[in-house]
Amino acid sequence: MERACFFSGHRVLPAARLADIQKVLHYEIVKCIDTGITAFIAGGALGFDTIAAQQVLELKKDDARIKLRLYIPYRHFERRWREQDIIAYHRIMGMADAVQFISDTYTPACIRQRNEALVRDAECGIAFQLTGKSGTGQTTAFARMYGREVVNIADIIYK
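Residues numbered from 1 in each chain as written. Predicted model: local features only at pLDDT ≥ 70, side-chain atom pairs only at ≥ 80, totals over all residues. Heavy atoms only, no water.

Here we look at the side chain of T38
Within the secondary structure, T38 sits in the loop between α1 (18–34) and β2 (39–42). Residue contacts for T38: discarding those within four places in its chain leaves E2, R3, R65, I66 and K67. (Helix = DSSP H or I, 4+ residues; strand = E, 2+ residues; numbered from the N terminus. Contact = heavy atoms within 4.5 Å.)

Pasting the structure below:
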């Protein structure tokens, strides 16, 4: 089975630090690839998930071993987003190697189930987490429960 890394991060990122986030994220993805990780799993959300998926797709252009898998909480997850975000989301979905919907419709548990699946199916993670009271906080809590190492880009940028 291919070795995998998950992504988890906030939907709203600090605009003043976006370039730093992208730079460190790229570095951490390449570091994973150098250790033999070739599959990357993103949750399909706005913000960090989108940036991470886009970076994986860029790296994939030069390395056919690299795979992007999307774990989407439910079908039509994007229906209330801005048009430009919907276009980017569908572009990413169309270029992903696999898209898995956790549920056909929204359920109170589908986001949590997606977050746990991200962790369960990967050996490590890359996150952007500023607060524990978030979906990212829930995901990194799952990572601790499963014994997965997670690099928090926020810790690197704000140290």
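With respect to the environment of I102
As for its position among the elements, I102 is in strand β4 (residues 98–103). Residue classification places I102 among the partly exposed positions, given a relative accessible area of 24%. (Buried < 20%, exposed > 50% of the residue type's maximum accessible area, 1.4 Å probe, protein only.)

Describing the packing of helix α2 (residues 48–60) against helix α3 (residues 83–95)
Running from N to C, α2 and α3 cross one another at 40°; their axes reach a closest spacing of 11 Å. Judged by the inter-axis angle, α2 sits oblique to α3. The handedness of the crossing between α2 and α3 is left-handed. Across from T50, A53, Q54, L57 and K60 in α2, the residues of α3 making contact are A88, I92 and M95. Partitioning the contact of α2 with α3 into residue classes produces five nonpolar, two polar and one charged. (Axes fitted to C-alpha atoms, helices over the stretch in contact; angles between N-to-C directions. Parallel < 35°, antiparallel > 145°, perpendicular 65-115°, else oblique. Left-handed = near helix turned anticlockwise from the far one by under 90°. Nonpolar A, V, L, I, M, F, W, Y, C, P; charged D, E, K, R; others polar.)

Section: the pairing of strand β1 (residues 4–9)
Of all the six residues making up β1, six are buried; the element is thus mostly covered by neighbouring parts of the structure. Here β1 shows two buried faces, one formed by A4, F6 and S8 and the other by C5, F7 and G9. As defined by bridge partners, β1 adjoins β2 across three bridges and the pair is classed as parallel. Residue pairing across strands places A4 opposite A39, the latter belonging to β2. Pairing of β1 with strand β5 (residues 124–128) involves five bridges; the strand directions are parallel. Residue pairing in the sheet places F7 in a bridge with I126 of β5. (Pairing = 2+ DSSP bridges.)

So, to be careful, I would describe these as geometric facts and stop short of saying anything about function.
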